Amino acid sequence: MSLRYALLALLTVEPMTGYDLSKRFESSVAYVWHAPDSQIYPELRRMEKDGLLIGEEVPWGPNSKKTQYRITEAGIAAFREWMNTPLEYSRERDPVHLKAAYLEWAEPDSARAQMEAHIAYHMLRRNQWEGMVQELRSGTSVMLGRRLAVTPAAEHRRTTEYKIFTYEGLIARAETEIAWGRRGLELIDSLEDGS
Ligand code: VNL
């Protein structure tokens, strides 16, 4: 269900074709809420049926047309409603921690490799999010630039700061995962090397 709100968030900037939306999604919201095109396109059609968007045929090249999606008043209201409704939290469902609980069943080398992969994954993500923060802070984020262009100057600061805040939270979480992975490697070494 969150996907539709991620799409509505992007469409509050301007109307877009499904293709443009998917590209912009990839360079912004996907860092927070990943979804493949195979989910985005059907969701756009459902949102249109639900009256949150209208699809308009626009010229594309000399003799072709494309569907451009525009957020409706109902779409804006739905987004606002969602933003003002507290989330329901779901309890843990994390395969990494599930496996960590039974590492005594894994070969030490496999356990080490899996910890290394965990560290590598979170380092990659952390670095990407740090890049996003730098872009947002330096005013070089194309996506934020587009939003600010249609946002009153008095709201630029809050519009920007909440995006930075988001990535800072993800970075802090990634740092914790990296530290935990390193602790796991130490633990495996101390428990499995017969020392
Ligand atoms: C936006 C701009 C969103 C930059 C972002 O990530 C971002 C936006 C959630 O204006 O929607 O990195």
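Above this note sits the structure.
Residues numbered from 1 in each chain as written. Predicted model: local features only at pLDDT ≥ 70, side-chain atom pairs only at ≥ 80, totals over all residues. Heavy atoms only, no water.

## Here we look at the packing of aromatic side chains
Move 1: Applying the stated criterion to the full structure yields 2 aromatic pairs.
Move 2: Each ring, one from Tyr-5 and one from Trp-82, has its centre 4.6 Å from the other, and the planes form 5°; the classification is stacked. Placement of the pair is Tyr-5 in helix 1 (residues 2-11) and Trp-82 in helix 4 (residues 73-83), with a sequence separation of 77 residues.
Move 3: For Tyr-5, a relative accessible area of 14% translates into the label buried.
Move 4: Among the aromatic residues, ring-to-ring pairing joins Tyr-5, Phe-79 and Trp-82 into one connected group. (Phe/Tyr/Trp six-rings, centres within 6.5 Å; stacked < 30°, edge-to-face > 60°. Helix = DSSP H or I, 4+ residues; strand = E, 2+ residues; numbered from the N terminus. Buried < 20%, exposed > 50% of the residue type's maximum accessible area, 1.4 Å probe, protein only.)

## Looking at the site of the ligand
Move 1: In the region of the ligand, the neighbouring residues are Leu-10, Ser-28, Met-132, Leu-136, Ser-141, Met-143, Leu-144, Arg-147, Lys-163 and Tyr-167.
Move 2: Residue Arg-147 places a side-chain N or O atom 2.6 Å away from an oxygen atom belonging to the ligand.
Move 3: At the level of elements, helix 6 (108-138), helix 7 (142-149) and helix 8 (156-192) are the ones that each hand at least two residues to the shell around the ligand.
Move 4: Considered class by class, the residues forming the shell around the ligand number 6 nonpolar, 2 polar and 2 charged. (Near = heavy atom within 4 Å. Polar contact = N/O pair within 3.5 Å; in protein donor to acceptor, adjacent residues only side chain to side chain. Nonpolar A, V, L, I, M, F, W, Y, C, P; charged D, E, K, R; others polar.)

## Overview of the pairing of strand 2 (residues 53-60)
Move 1: Where strand 2 lies against strand 3 (residues 64-71), 8 bridges are found, and the strand directions are antiparallel. Bridged to Gly-55 within strand 3 is Tyr-69.
Move 2: Two successive antiparallel strands, strand 2 and strand 3, enclose a turn made up of 3 residues, where Gly-61 displays a positive phi of approximately 70°. (Pairing = 2+ DSSP bridges.)

## Some words on a nonpolar patch on the surface
Move 1: Taken together, Leu-98, Tyr-102 and Trp-105 make up a surface patch of nonpolar side chains, about 450 Å² in accessible area.
Move 2: Assignment of secondary structure puts Leu-98 in helix 5 (residues 95-100). (Patch = residues over 30% accessible without salt bridge, like charges linked within 9 Å, V, L, I, M, F, W, Y side chains within 5 Å. Areas by Shrake-Rupley, 256 points an atom, 1.4 Å probe, with all protein chains shown as cover. Salt bridge = Lys/Arg side-chain N within 4 Å of Asp/Glu carboxyl O.)

## Regarding the pattern of salt bridges
Move 1: Here the structure, examined in full by the defined rule, presents 10 salt bridges.
Move 2: Residues Arg-126 and Glu-175 are paired through a salt bridge, measuring 3.2 Å at the closest nitrogen-oxygen approach. Highlighted residues: Arg-126 in helix 6 and Glu-175 in helix 8, separated in sequence by 49 residues.
Move 3: The class for Arg-126 is buried, based on a relative accessible area of 15%.
Move 4: According to the relative accessible area criterion, Glu-175 is partly exposed, its value standing at 34%.
Move 5: Three or more residues are tied together by salt bridges with common partners; here these are Arg-4, Glu-43, Arg-46 and Asp-50.

## Considerations on the side chain of His-122
Move 1: Summarising the element assignment, His-122 is placed in helix 6.
Move 2: The exposure class of His-122 is buried, given its relative accessible area of 15%.
Move 3: Every residue in contact with His-122, bar those within four places of it in the chain, is listed here: Ala-174, Glu-177 and Ile-178. (Contact = heavy atoms within 4.5 Å.)

## Structural notes on helix 6
Move 1: The end-to-end C-alpha separation of helix 6 is 45 Å, in line with the 45 Å expected for 31 residues at 1.5 Å each.
Move 2: Among the residues of helix 6, those classed as buried are Ala-111, Arg-112, Met-115, His-118, Ile-119, His-122, Arg-126, Trp-129, Met-132, Val-133 and Leu-136.
Move 3: Residues of helix 6 that are buried make contact with helix 5, helix 7 and helix 8.
Move 4: Residue Gly-139 follows helix 6 closely and has a positive phi angle near 75°. (Expected span 1.5 Å × (residues − 1).)

## Focus on helix 2 (residues 18-26)
Move 1: Three or more residues of helix 2 are buried, namely Gly-18, Leu-21, Ser-22, Arg-24 and Phe-25. Buried residues in helix 2, looked at end-on, bunch into an arc of 170°, giving them a common side.
Move 2: For helix 2, the elements touching its buried residues are helix 1, strand 1 (16-17), helix 3 (37-49), strand 3 and helix 7. (Arc of directions from axis to C-beta.)

## Remarks on the sheet that holds strand 3
Move 1: What the 3 strands build is an open sheet, ordered 1-3-2; its pairing is antiparallel. What marks the edges here is a single partner per strand, and that holds for strand 1 and strand 2.
Move 2: Lying on the sheet, helix 1 is in contact with strand 1, strand 2 and strand 3; it crosses strand 3 at an angle near 100°. (Axes fitted to C-alpha atoms, helices over the stretch in contact; angles between N-to-C directions.)

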